[in-house]
Amino acid sequence: MAERPEDLNLPNAVITRIIKEALPDGVNVSKEARRAISQAASVFVLYATSCANSFAMKAKRKTLNAGDVMSAMEEMEFERFLPPLREALEAYKKGQKGKKEASEQKRKDKEKKNGTENDKSREEEEDEEEHMEDDDGDNEGEEDDVEN
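Bear in mind that the values here come from a model prediction, so they are computed numbers and not experimental data. The written sequence of each chain sets the order in which its residues are numbered from 1. A pLDDT threshold of at least 70 governs which residues receive local features in this predicted model, and a stricter bar of 80 or more applies before side-chain atom pairs are shown or counted, although totals over entire chains, interfaces and linings include all residues. To get the side-chain values, all heavy atoms of the structure are used, and hydrogens and water are removed first.

Colleague: Break down the nonpolar core for me, citing the residues and quoting the values.
Modeller: By convention a nonpolar core is built from buried Ala, Val, Leu, Ile, Met, Phe, Trp, Tyr and Cys residues, the set being connected through side-chain atoms within 4.5 Å. Working definition: with a 1.4 Å probe on protein chains only, accessible area under 20% of the residue-type maximum means buried, over 50% means exposed, and in between means partly exposed. Counting residues in hydrophobic clusters, the biggest one holds eight residues: Ala-48, Cys-51, Ala-52, Met-70, Ala-72, Met-73, Met-76 and Leu-82. Only DSSP runs of H or I with at least four residues qualify as helices, and only runs of E with at least two residues qualify as strands; both kinds are numbered from the N terminus onward. Mapped by element, the contributors of at least two residues to this core are helix H2 (31-58) and helix H3 (66-75). The residues touching Ala-72, leaving out its near neighbours within four places in the chain, are Ala-48, Cys-51, Ala-52 and Phe-55. For this analysis, residues touch if any pair of their heavy atoms sits within 4.5 Å.

Shown next as structure tokens:
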């Protein structure tokens, strides 16, 4: 854990980007205001994490999950943020599912390609063996012809 509250602040670049996205063009924010918003955001994150951790501990878990965060938001009386939070969570899950499916498909394609290459290699080896056997048989026949 951090030893000083200043160590817990979010990166200034992130805070600045969030502020710019939240405000209309042409609105300026002083350095002091950005710092205050950064500290407030850090306090909010710490409080939300602490509340979510309480729910995880009650469930005898060491890992916080999305349900813990949702319950924490409700306990902190931020119910109005739950619908957009749920939507964002669903979008995240769909994205992860899509990535997982794409990864599995890529793996299957790779296995199929490797299997096809292995089959080709086996076929080539068998063809070479057949040619060698045929060549050996032809040479023996030629030797027989020369001897006769």
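Colleague: Tell me what's going on with the packing of helix H1 (residues 12-22) against H2, and back it up with residues and numbers.
Modeller: As a rule, the C-alpha atoms of each element are fitted with a line to give its axis, helices using only the stretch in contact, and angles between N-to-C directions run from 0 to 180 degrees. It is at 10 Å that the axes of H1 and H2 come closest, and there the two elements cross at 105°. Relative to H2, the element H1 lies roughly perpendicular. Between H1, through Asn-12, Ile-15, Thr-16 and Ile-19, and H2, the contact on the second element is made entirely by Arg-34, Ile-37, Ser-38 and Ala-41. Basically, the charged four are Asp, Glu, Lys and Arg, the nonpolar ten are Ala, Val, Leu, Ile, Met, Phe, Trp, Tyr, Cys and Pro, and anything else, Gly included, counts as polar. Looking at the contact of H1 with H2 residue by residue, the classes come out as four nonpolar, three polar and one charged. Angular relationships are summarised with four words: roughly parallel below 35 degrees, roughly antiparallel beyond 145, roughly perpendicular across 65 to 115, and oblique for the angles in between.

Colleague: Please set out the layout of surface pockets residue by residue, giving values where relevant.
Modeller: Lining residues are those with an atom within 4 Å of a point, where the points come from a 1 Å grid over the protein atoms alone and group into cavities, where a 1.4 Å probe fits but cannot get out, or pockets, open sets with protein on both sides within 12 Å along at least five of seven lines. Grid points are joined across faces, edges and corners, and a volume is the space filled by probe spheres set on the points. Taken as a whole, the largest pocket encloses approximately 200 Å³ of empty space. Around the largest pocket, the lining residues are Phe-44, Val-45, Ala-48, Thr-49, Ala-66, Val-69, Met-70, Met-73, Leu-85, Ala-88 and Leu-89. Along the lines of polarity and charge, the residues of the lining of the largest pocket split into 10 nonpolar, one polar and no charged. Two domains each provide a minimum of three residues to the lining of the largest pocket, namely domain 1 (1-77) and domain 2 (81-114). Each domain span listed reflects an automatic or database assignment of domains.

Colleague: I'd like a description of the side chain of Ser-42, backed by residues and values.
Modeller: Looking at the secondary structure, you find Ser-42 in helix H2. Overall, Ser-42 belongs to the buried group, its relative accessible area being 5%. Side-chain atoms alone can form a polar contact between residues adjacent in sequence; in general such a contact is a pair of N or O atoms within 3.5 Å, and within protein one must be able to donate a hydrogen while the other accepts it. At 3.2 Å, the side chain of Ser-42 forms a polar contact with the backbone nitrogen of Leu-10. Ignoring anything within four residues of it in the chain, the contact list for Ser-42 reads Leu-8, Asn-9 and Leu-10.

Colleague: So what's going on with H2? Which residues, and what values?
Modeller: To estimate the expected span of a helix, count its residues, drop one, and scale the result by 1.5 Å. In a regular helix each residue adds 1.5 Å, so 28 residues correspond to 40 Å; H2 covers 41 Å between its end C-alpha atoms and thus fits that length. Along H2, the residues that are buried comprise Ser-38, Ser-42, Ala-48, Cys-51, Ala-52 and Ala-56. On its buried side, H2 packs onto H1 and H3.

Colleague: Any chance you could break down the packing of aromatic side chains for me, citing the residues and the numbers?
Modeller: Two descriptors summarise a pair of aromatic rings, namely the distance from one centre to the other and the angle between the planes of the rings. Aromatic pairs are defined between Phe, Tyr and Trp rings, using the six-membered ring for Trp, whenever the two ring centres lie within 6.5 Å; interplanar angles under 30 degrees are classed as stacked, those over 60 as edge-to-face, and all others as tilted. Going through the model one piece at a time under the given rule, you end up with two aromatic pairs. A ring pair is formed by Phe-44 and Phe-78, whose centres lie 5.3 Å apart and whose planes are at 85°; its orientation type is edge-to-face. Here the residue Phe-44 occupies a position in helix H2, and Phe-78 occupies one in the loop between H3 and helix H4 (82-147), the gap between them amounting to 34 residues. We classify Phe-78 as partly exposed; its relative accessible area is 27%. These aromatic residues form a ring-pair network of at least three members: Phe-44, Phe-78 and Phe-81. Placement of a positive charge over a ring is assigned whenever Lys NZ or Arg CZ falls within 6 Å of the ring centre and within 35 degrees of the normal to the ring plane. One Lys or Arg, Lys-58, reaches over the ring of Phe-55 and ends 5.1 Å from the middle of that ring.

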